Structures are given as C-alpha cells and as structure tokens.
Amino acid sequence: MERTKVAVLGTLAEFHREPIPYDLAALVKLVADLGPDLLCLDMTPDQWQQRDFSDLPPEYREALLPLAYQTDIVVAPIACENPLEEPTASGWQGRMIGVFRRWLAAIQRTAPGPAAVNQGWRHEVANLLYHLIATLAGGQTFQEWQTHRNYLIQQVLALVERDPGRRVLVVVNVRHCHHIRPALRKHPEIQVVAYSEL
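Here is a short report on the structure shown in this document.

Reading the values: rules and limits
Residues numbered from 1 in each chain as written. Predicted model: local features only at pLDDT ≥ 70, side-chain atom pairs only at ≥ 80, totals over all residues. Heavy atoms only, no water. Pairing = 2+ DSSP bridges. Helix = DSSP H or I, 4+ residues; strand = E, 2+ residues; numbered from the N terminus. Axes fitted to C-alpha atoms, helices over the stretch in contact; angles between N-to-C directions. Contact = heavy atoms within 4.5 Å. 1 Å grid on protein atoms, 1.4 Å probe; cavity = no way out; pocket = protein on both sides within 12 Å on 5 of 7 lines; lining within 4 Å. Points joined across faces, edges and corners; volume = space filled by probe spheres on them. Expected span 1.5 Å × (residues − 1). Buried < 20%, exposed > 50% of the residue type's maximum accessible area, 1.4 Å probe, protein only. Arc of directions from axis to C-beta. Phe/Tyr/Trp six-rings, centres within 6.5 Å; stacked < 30°, edge-to-face > 60°. Salt bridge = Lys/Arg side-chain N within 4 Å of Asp/Glu carboxyl O.

## Thoughts on the sheet that holds strand S5 (residues 190–192)
Inference 1: Taking strand neighbours across the sheet as the criterion, the five strands line up as S3-S2-S4-S1-S5 in an open arrangement whose pairing is parallel. Both outer strands of the open sheet, strand S3 (74–77) and S5, are each paired with one neighbouring strand and no more. Going from strand to strand, the sheet's axes swing by 30 degrees on average, the running direction of each strand aside.
Inference 2: Pairing of strand S1 (residues 4–11) with strand S4 (residues 167–173), which is carried by seven bridges, proceeds in the parallel orientation. Directly across from valine 6, in S4, lies its bridge partner valine 168.
Inference 3: Sheet strands touched by helix H7 (residues 141–162): S1, strand S2 (38–41), S3, S4 and S5. Its angle to S1, the strand with the most contacts, is close to 150 degrees.

Pasting the structure below:
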C-alpha cells in the first residue's frame, strides 16, 4: 500500500500582518518551496467556488490563494459550511481573552520562522493559550472546535482515499495541530511528516 505524506502546518492567522520574520512573504516562500500536490485550507467549498475570500484570514486571502493561482498547487477547501467564530466573552473573561490574544501576538512577533510556531515552547504555549481562551469563552466553544477539527480530519482522509500518494499540506490555525496530527497518524495509509519533510 502506498502511503500518502501529510504535513500539518500551524499558523497564528490573526497575527501575520505584523512586521516579523515569519510574515506572509515567509509563508508564501515556505509553501512555494515545499510545492505540495494538494493544499488543504480551512475554508468552505462555497468560499472557494464563489471566490469569496473576504472572511478568510490574511494567510489564505493574501498569501496562499494567490500562490496557488500562480503555481500548479491544487487547493482543497476542507471546512464545513459554518466557519468557526473567534471566541469572545464579556466582563473579566473578555479582558483575559484580550490579554491571552496579546500573548499570542507576542509569540508570533518573536518567532524567527515557521518552525518556531510549529514545534517547541512557542507551539506548546500557543496551544495552552488557545485552551484558556476557549475555557474563558465557555459555552460550546470546546465542542464547536472539536466538531470543526473532526470535519477537517474527515475531509483530509477523504482526499487521501480519493487521490493516494500525493504530497498533502494542511494549513490550519495552530490550535488545531495537536489534535489533527495524532488523529491522522491512526490511519495506516497516511504518513504524517514534519512540513520540512514533505
């Protein structure tokens, strides 16, 4: 059985406008150098078909989608029809969410490159901060995130089944990486690799 290589690249979507080493230009260069066969993005099929990218994060709208148009990289929209909203809260919980989001921005600002956001202490701290944000937002935030992740995972599995042997790059918010990678590793037809090994 031919195993399909899949790499999951985490981004801190809302912070890529900052003038730091790991900005949109660095992301474009990284993905262009990798040259995946399939680029799985957390966007809906409707957004892709209608070319409605206004609600997408800047790393998709201003970097990865223009790159795909200029190359032979095939974009695979893998999100469900109801995109996730960023968690919010009122009162002290909302203020703490604001503090944690500033800490996430600081992590992005100090990251020397994509590896720093995808492994090591920055990756772990970002995951913890997103967990705390979801806790503070309360309600169904964790369940909504899990439902969203499960859908993303199922879409990647369906793509791999339909088109085995391709080199697949999945680009999602870093908060999903800790969950998507181990879920994909459970499938023998998939070889989860670091993005640098794709």
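Once the structure has been displayed, the description carries forward.
## Observations regarding the layout of surface pockets
Inference 1: Of the pockets and cavities examined, the largest pocket occupies roughly 580 Å³.
Inference 2: Taken together, 26 residues form the lining of the largest pocket, with Asp42, Asp55, Pro57, Pro83 and Leu84 sitting closest to its centre.
Inference 3: Broken down by secondary-structure element, the contributors of at least two residues to the lining of the largest pocket are helix H2 (45–50), helix H3 (58–70), S4 and helix H8 (174–185).
Inference 4: Computed from the structure, the second largest pocket encloses a volume of approximately 160 Å³.
Inference 5: Put simply, the parts of the chain that give the lining of the second largest pocket at least two residues each are S1, helix H5 (114–118) and H8.

## A look at helix H4 (residues 91–110)
Inference 1: Between the first and last C-alpha of H4 there are 29 Å, a value that for 20 residues agrees with the 28 Å anticipated at 1.5 Å per step.
Inference 2: Of all the positions in H4, only Ile97, Phe100, Leu104, Ala105, Ile107 and Gln108 are classed as buried. The buried residues of H4 occupy one face: seen down the axis, they fall within an arc of 155 degrees. Facing away from the buried side of H4, by more than 90 degrees, are the exposed residues Trp92, Arg95 and Arg102.
Inference 3: Buried residues along H4 sit in contact with H5 and helix H6 (120–137).

## Some remarks on the environment of asparagine 173
Inference 1: Structurally, asparagine 173 can be placed in strand S4.
Inference 2: What makes asparagine 173 buried here is its relative accessible area of 9%.
Inference 3: With 161 residues separating them along the chain, asparagine 173 and leucine 12 place their C-alpha atoms 5.8 Å apart.

## Topic: the environment of serine 90
Inference 1: Looking at the element boundaries, serine 90 is found in the loop between S3 and H4.
Inference 2: Put simply, serine 90 and leucine 56 are 34 residues apart on the chain and 25 Å apart in space, counted from C-alpha to C-alpha.

## Topic: the packing of aromatic side chains
In this description, a pair of aromatic rings is defined by centroid distance and the angle of the planes.
Inference 1: On inspection of all chains with the given rule, the structure shows four aromatic pairs.
Inference 2: With 6.0 Å between their ring centres and 15 degrees between their planes, tryptophan 48 and tyrosine 69 make a pair best called stacked. Taken together, the residues tryptophan 48 in helix H2 and tyrosine 69 in helix H3 connect sequence positions 21 residues apart.
Inference 3: Tyrosine 69 sits in the partly exposed class, given a relative accessible area of 44%.
Inference 4: Measuring from centroid to centroid gives 5.3 Å for phenylalanine 100 and tryptophan 103, while their planes differ by 55 degrees, and the two rings are tilted. A residue pair is termed a helical-turn pair when its members lie 3 or 4 positions apart in one helix, as phenylalanine 100 and tryptophan 103 do in helix H4 at three residues.
Inference 5: Chaining the aromatic ring pairs together yields one cluster made of Trp48, Phe53 and Tyr69.

## Focus on the pattern of salt bridges
Inference 1: All chains considered together, the criterion is met by three salt bridges.
Inference 2: With a shortest N-O distance of 2.7 Å, lysine 29 and aspartate 33 are connected by a salt bridge. Highlighted residues: lysine 29 and aspartate 33, both in helix H1 (residues 24–34), separated by four residues, approximately one helical turn. Exposure class is identical for lysine 29 and aspartate 33. Each is exposed.

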